[in-house]
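Chains, contacts and geometry: an overview
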Amino acid sequence: MIEGSPITVANETLAIIETRKLVYTYSGAKKAALKGVSVTIESGEIVILTGPSGCGKTTLCRCFNGLIPHFYGGKIEGEVVVAGHKVVDQTIYELARHVGLVFQNPENQLFALSVEKDVAFGLENLAVPRDEMIKRVDWALQMTGIEDLSERPPHELSGGQQQRVAIACVLAMQPDVMILDEPTSFLDPVGAQKIFEVINELNKELGITIILVEHRLDLASKYADHVVVMDEGKVVLDGEPRGVFNSEKARLIGVGVPKATRLYQILRENGTHLSGVPVTSEEASKLLLEVLKRD
Amino acid sequence: MSMFEGFRFRRVSSVVHLLDPRAKFFFVCVLFITAILNSKLPPLILLFFVPLPFVLMAGVQREWIRSMRGALFFAFIIFLFNFLFTYLYTEYPQVPSAPLLERSIAMTLRFLVLVESFSVFFLTTSPDHLGLALEQSHIPYEFCFAFTTAVRFVPVLAEEAQTIMDAQKARGLELERGNFLKRVRNYIPILIPLIVGAIRRSLELAEAMESRAWGASEKRTNLYVLKLKRNDYLLVLISVLMLILAVYVWLYIPIPSLTILLSF
Ligand SMILES: Nc1ncnc2c1ncn2[C@@H]1O[C@H](COP(=O)(O)OP(=O)(O)O)[C@@H](O)[C@H]1O
Ligand SMILES: [Mg+2]
């Protein structure tokens, strides 16, 4: 970490989202979808949330922005605190100032007839004055690299472009935290890569905390500061990426451990020890070269 | 898809497209009223030509001709009904008399003028603008939002319907088989997935809207604002003059029918 002013140091240890023993059951469901989740997300980090399908990742995201319990109802126990506010005591629109949620399917979260109008939607709801709104919309379009699409109808864009519009929509509201629920599952690898780069830039330049629900760990892990793995409604692994990916448990649950980390493990089983745990192929090749030169 | 082509507004900009939808709507209403006030053929012929310069200026001749062709069938029915009913229920002397024919043509033309003016309006007004105009006319925002969202999702649903239809046909569903009742029943395997899909879609939509602070404030602001410009005032002025003229003529000047004019 770069040495910063005391303020940034203080910020870095501040929890922006915290859940304590969170138990949630959807209305009408027999089984709880979340069974005692306690996680802490620190301000300014990029967190990858992963785990097998149906383990409760989306449900947890909905708890972070108040869709649970305010939109979905159901039974909630334990505590969720977001930017100092208890989620159960807030409305969804109050929370929207702090938390932005980007959904999996880009098509159904864009509903206006032009990109800029869609990006402005949240600001219109918050009654932001028009001059300010125009500035913020332009800024959000620029940050996501889609200025040239501003007048196009969103539904005629490619999936990758649509997902960037969806990010701009949330970004324009200047949230502290941006949650992206499997934003790349409808995209090709190139489109996915672009999304990750945009997300990373938002984090590095603006200090927005990112929570990324993702299966494509090969592409995404190099950006992560923190990885949380869930299984059957519980958090089973929580820590910095290398430790989590290298653990035996991650592999047993069926997390798509990055190939570079998997390579490290196989080499170790065969008696070759690299000097560190790689997460990306660049790191792996560097460590491999080290070993090859040593021999 | 062809059935829904008409819903897709093609983005073109011309003087007419740039006019304020409220001014255009006022103009269309005046045309409408003028057409209703007149039942004689000569003024209706004149009225038929009034929207034509707008069609040409907007460059939507092809679309306009297509929509008029669509109206032709109804026009024919209207003509037939007028002709038959006035013949049966009034005591005109000769059977297909000239006044009777003229009256039926006039009624048909009146219908065509109405269709014509509305089609010019819709062909040159983007749904975006229309929604905005509704909003600024103090119509509740929920309604305006529903309108623009419907415009946005109709082509999507149409596409989905086509996909489902193809999928079900590929599994051996035969749509054009059997009597009328059977045929209606054939559409059930298409309607159910379509409805289920639409409900899922609308839930996701609601979720996305909520997450973007829907309902946060009583008084929303708007990215776009409609402002009347010089051309709009001009159009409103023309419309008002036309309306005054139409009402004046209707009250004080009896217009002769074409048959009478020609018999001089
Ligand atoms: N709207 C809902 N109503 C009832 N149950 C739900 C709903 N959404 C998800 N679930 C259930 O909650 C559990 C967790 O689902 P989810 O959070 O979507 O998992 P993930 O996003 O990790 O795939 C699943 O068992 C799922 O069936
Ligand atoms: Mg999910």
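Located above this text is the structure these notes cover.
Keep in mind it's a predicted model, so treat the numbers as computed, not measured.

Bringing the site of ligand 1 into the picture now. All names here are of chain A. Around ligand 1, the structure places Tyr26, Ala33, Ser53, Gly54, Cys55, Gly56, Lys57, Thr58, Thr59, Arg62 and Tyr72. Contact between ligand 1 and Gly54: an oxygen atom at 2.7 Å from a main-chain N or O atom of the residue. Taking Gly56, its main chain carries an N or O atom lying 3.1 Å from an oxygen atom of ligand 1. Taken by itself ligand 1 offers 560 Å² of open surface, and the protein chains cover 60% of this. Partitioning the shell around ligand 1 into residue classes produces four nonpolar, five polar and two charged.

Next up on the list: the pairing of strand 9 (residues 209-213) of chain A. Residues and elements named next belong to chain A. Burial within strand 9 is extensive, with five of its five residues counted as buried. Taking every second residue as pointing to the same face, both faces of strand 9 are buried, with Thr209, Ile211 and Val213 on one and Ile210 and Leu212 on the other. Across four bridges, strand 4 (residues 46-50) lies against strand 9 in parallel orientation. Among the inter-strand pairings, Ile48 is bridged to a residue of strand 9, identified as Leu212. Inspection of the sheet shows strand 8 (residues 177-181) paired to strand 9 by five bridges, in the parallel sense. Looking across to strand 9, one finds that Val177 is bridged to Thr209. The β-α-β motif built from strand 8, the intervening helix 8 (residues 189-206) and the parallel element strand 9 has right-handed crossover chirality.

Here we come to the side chain of A:Glu214. Structurally, A:Glu214 can be placed in the loop between strand 9 and helix 9 (217-220). In this structure the side chain of A:Glu214 is engaged in a polar contact, spanning 3.0 Å, whose partner is the side chain of A:Thr184.

Residue and element names in this part refer to chain B. Within the structure shown, the criterion is met by 20 aromatic pairs over all chains. Taking 5.5 Å as the distance between ring centres and 65° as the angle between the ring planes, the aromatic pair formed by Phe25 and Phe121 counts as edge-to-face. With a gap of 96 residues between them, Phe25 in helix 2 (residues 21-37) and Phe121 in helix 6 (residues 98-123) connect regions that are remote in the sequence. For Phe25, a relative accessible area of 38% translates into the label partly exposed. Taking the centre distance of 5.1 Å and the plane angle of 50° together, the rings of Tyr248 and Tyr252 count as tilted. One end of the pair, Tyr248, and the other, Tyr252, are both in helix 11 (residues 230-252), four residues apart, so they sit about a helical turn from each other.

Glancing now at the pattern of salt bridges. All names here are of chain A. Taken as a whole, this structure holds 17 salt bridges over all chains when the rule is applied. Here Arg251 and Glu248 are joined by a salt bridge, their closest N and O atoms 3.0 Å apart. Of this pair, Arg251 and Glu248 both sit in helix 11 (residues 248-253), three residues apart, which is roughly one turn of that helix. The partly exposed category is assigned to Arg251, whose relative accessible area is 32%. Here the residues in one salt-bridge network are Glu18, Arg20, Glu79 and Lys86, joined through shared partners.

A few words on the packing of helix 5 (residues 61-89) of chain B against helix 6 of chain B. Residues and elements named next belong to chain B. Contact geometry of helix 5 with helix 6 gives a least axis separation of 8 Å together with a crossing angle of 150°. Overall, the two elements helix 5 and helix 6 adopt an arrangement that is roughly antiparallel. The handedness of the crossing between helix 5 and helix 6 is right-handed. Partitioned by chemical class, the residues of the contact of helix 5 with helix 6 number 18 nonpolar, six polar and three charged.

Another point: the sheet that holds strand 11 (residues 234-239) of chain A. Residue and element names in this part refer to chain A. Strand order in the open sheet made by the six strands is 7-8-9-4-10-11, with mixed pairing throughout. Of all strands in the sheet, those with a lone pairing partner are strand 7 (99-102) and strand 11, marking the two edges. Between one strand and the next, the sheet's axes are offset by a mean angle of 15°, whatever the strand orientation. Sheet topology places strand 4 next to strand 10 (residues 226-231); four bridges connect them, and they run parallel. Note that in strand 10 the partner of Thr50 across the bridge is Val229. Lying on the sheet, helix 2 (residues 57-64) is in contact with strand 4, strand 7, strand 8, strand 9 and strand 10; it crosses strand 4 at an angle near 135°. Where helix 7 (residues 159-171) meets the sheet, it contacts strand 7 and strand 8, and its direction lies at approximately 165° from that of strand 7.

Time to look at the nonpolar core. One finds A:Val119 and A:Met178 to be the most contacted residues of the largest nonpolar core, which totals 57 residues. Broken down by element, this core gets its largest block of residues, seven residues, from helix 7 of chain A. Apart from the residues within four sequence positions on either side, A:Met178 is in contact with A:Gly100, A:Ile167, A:Val170, A:Leu171, A:Leu202, A:Ile208, A:Thr209, A:Ile210 and A:Ile211. Ranked by size, the runner-up nonpolar core spans 40 residues in total, among them A:Ile41, A:Phe121, B:Phe153 and B:Ala208.

Taken together, the contact pairs 41 residues of chain A with 36 residues of chain B. Here chain A and chain B share an interface that buries about 3,400 Å² over both sides, 55% of which is from carbon and sulfur atoms. Across the contact surface, chain A and chain B share four salt bridges. Contributions of two or more residues to the side of chain A that touches chain B are made by helix 4 (92-95), helix 5 (115-125) and helix 6 (130-143) of chain A. Broken down by class, the residue content of the side of chain A that touches chain B amounts to 24 nonpolar, eight polar and nine charged.

So, how was this worked out
- Residues numbered from 1 in each chain as written.
- Chains lettered and ligands numbered in written order.
- Predicted model: local features only at pLDDT ≥ 70, side-chain atom pairs only at ≥ 80, totals over all residues.
- Heavy atoms only, no water.
- Near = heavy atom within 4 Å.
- Polar contact = N/O pair within 3.5 Å; in protein donor to acceptor, adjacent residues only side chain to side chain.
- Areas by Shrake-Rupley, 256 points an atom, 1.4 Å probe, with all protein chains shown as cover.
- Nonpolar A, V, L, I, M, F, W, Y, C, P; charged D, E, K, R; others polar.
- Buried < 20%, exposed > 50% of the residue type's maximum accessible area, 1.4 Å probe, protein only.
- Helix = DSSP H or I, 4+ residues; strand = E, 2+ residues; numbered from the N terminus.
- Pairing = 2+ DSSP bridges.
- Right-handed = clockwise from strand over helix to strand, strands pointing away.
- Phe/Tyr/Trp six-rings, centres within 6.5 Å; stacked < 30°, edge-to-face > 60°.
- Salt bridge = Lys/Arg side-chain N within 4 Å of Asp/Glu carboxyl O.
- Axes fitted to C-alpha atoms, helices over the stretch in contact; angles between N-to-C directions.
- Parallel < 35°, antiparallel > 145°, perpendicular 65-115°, else oblique.
- Left-handed = near helix turned anticlockwise from the far one by under 90°.
- Contact = heavy atoms within 4.5 Å.
- Core = buried A, V, L, I, M, F, W, Y, C linked by side-chain atoms within 4.5 Å.
- Buried area = accessible area lost by both parts, 1.4 Å probe.

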